[in-house]
Amino acid sequence: MLNTQCIIGTSTSGLGGLDHQEVPSMVLQILLCIGTNNSIIPNDFEIEGLGNVKKIIMRSGYKAMNHFFNLRRSSYSLDELIKLEDEGQSVHYDFLLLYRLKATMLENNSNYGGKKRILT
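Residues numbered from 1 in each chain as written. Predicted model: local features only at pLDDT ≥ 70, side-chain atom pairs only at ≥ 80, totals over all residues. Heavy atoms only, no water.

Enquirer: Tell me about the nonpolar core, and please be specific about residues and values.
Expert: One finds V27, L31, I34, I41, I47, V53, I56, I57, M58, M65, L97 and L101 forming the largest nonpolar core, which totals twelve residues. Of all the secondary structure elements, the ones that give two or more residues to this core are helix 1 (23–34), helix 2 (53–71) and helix 3 (78–107). If you tally residues by element for this core, the top one is helix 2, at five residues. Beyond its immediate stretch of four places on either side in the chain, I57 contacts L31, I34, I41, L98 and L101. (Core = buried A, V, L, I, M, F, W, Y, C linked by side-chain atoms within 4.5 Å. Buried < 20%, exposed > 50% of the residue type's maximum accessible area, 1.4 Å probe, protein only. Helix = DSSP H or I, 4+ residues; strand = E, 2+ residues; numbered from the N terminus. Contact = heavy atoms within 4.5 Å.)

Enquirer: Tell me about the environment of N66, residues and numbers included.
Expert: Tracing the backbone shows N66 in helix 2. In this structure N66 comes out as partly exposed when scored by relative accessible area, which is 41%. Separated by 21 residues in the primary sequence, N66 and E87 have C-alpha atoms spaced 9.0 Å apart.

Enquirer: Describe the environment of L28, and please don't skip the residues or the numbers.
Expert: Its location among the elements puts L28 in helix 1. Under the relative-accessibility criterion, L28 is labelled partly exposed at 38%. Expressed as a C-alpha distance, the spacing of L28 and M58, which sit 30 residues apart in the sequence, is 10.0 Å.

Enquirer: Describe the packing of helix 2 against helix 3, and please don't skip the residues or the numbers.
Expert: Between helix 2 and helix 3, whose axes approach to 9 Å, the crossing angle comes to 145 degrees. Crossing of helix 2 over helix 3 shows left-handed handedness. Only L84, E87, G88, S90, V91, D94, L97, L98 and L101 of helix 3 make contact with helix 2, whose side of the interface consists of V53, I56, I57, R59, S60, K63, A64, N66, H67, N70 and L71. Broken down by class, the residue content of the contact of helix 2 with helix 3 amounts to ten nonpolar, six polar and four charged. (Axes fitted to C-alpha atoms, helices over the stretch in contact; angles between N-to-C directions. Left-handed = near helix turned anticlockwise from the far one by under 90°. Nonpolar A, V, L, I, M, F, W, Y, C, P; charged D, E, K, R; others polar.)

Put into structure tokens, the structure is as follows:
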């Protein structure tokens, strides 16, 4: 019989119940899997208006990991706090860019109801 009991996550970070300690290793695995190899995402795959897809994903992952580790420090100077705020806004911008990238790719994928178009 199917167990229908719900498991409630302990995270309030919007990560679907994942422990925030697991996020860096997941991001690192994604970055290593994508890497410089052409097998996952071609190095020259670009979307008009967004740019090179691989560069967007890699840059976003590195920025997110850097920001995560900067937030774990125990003390900050005022200059570091200002830099941390700017870094957080940059990571947020990259998150929005990744969201737009995903929406564009799904929109262009006929398997998800989108119109099949050739992306440059």
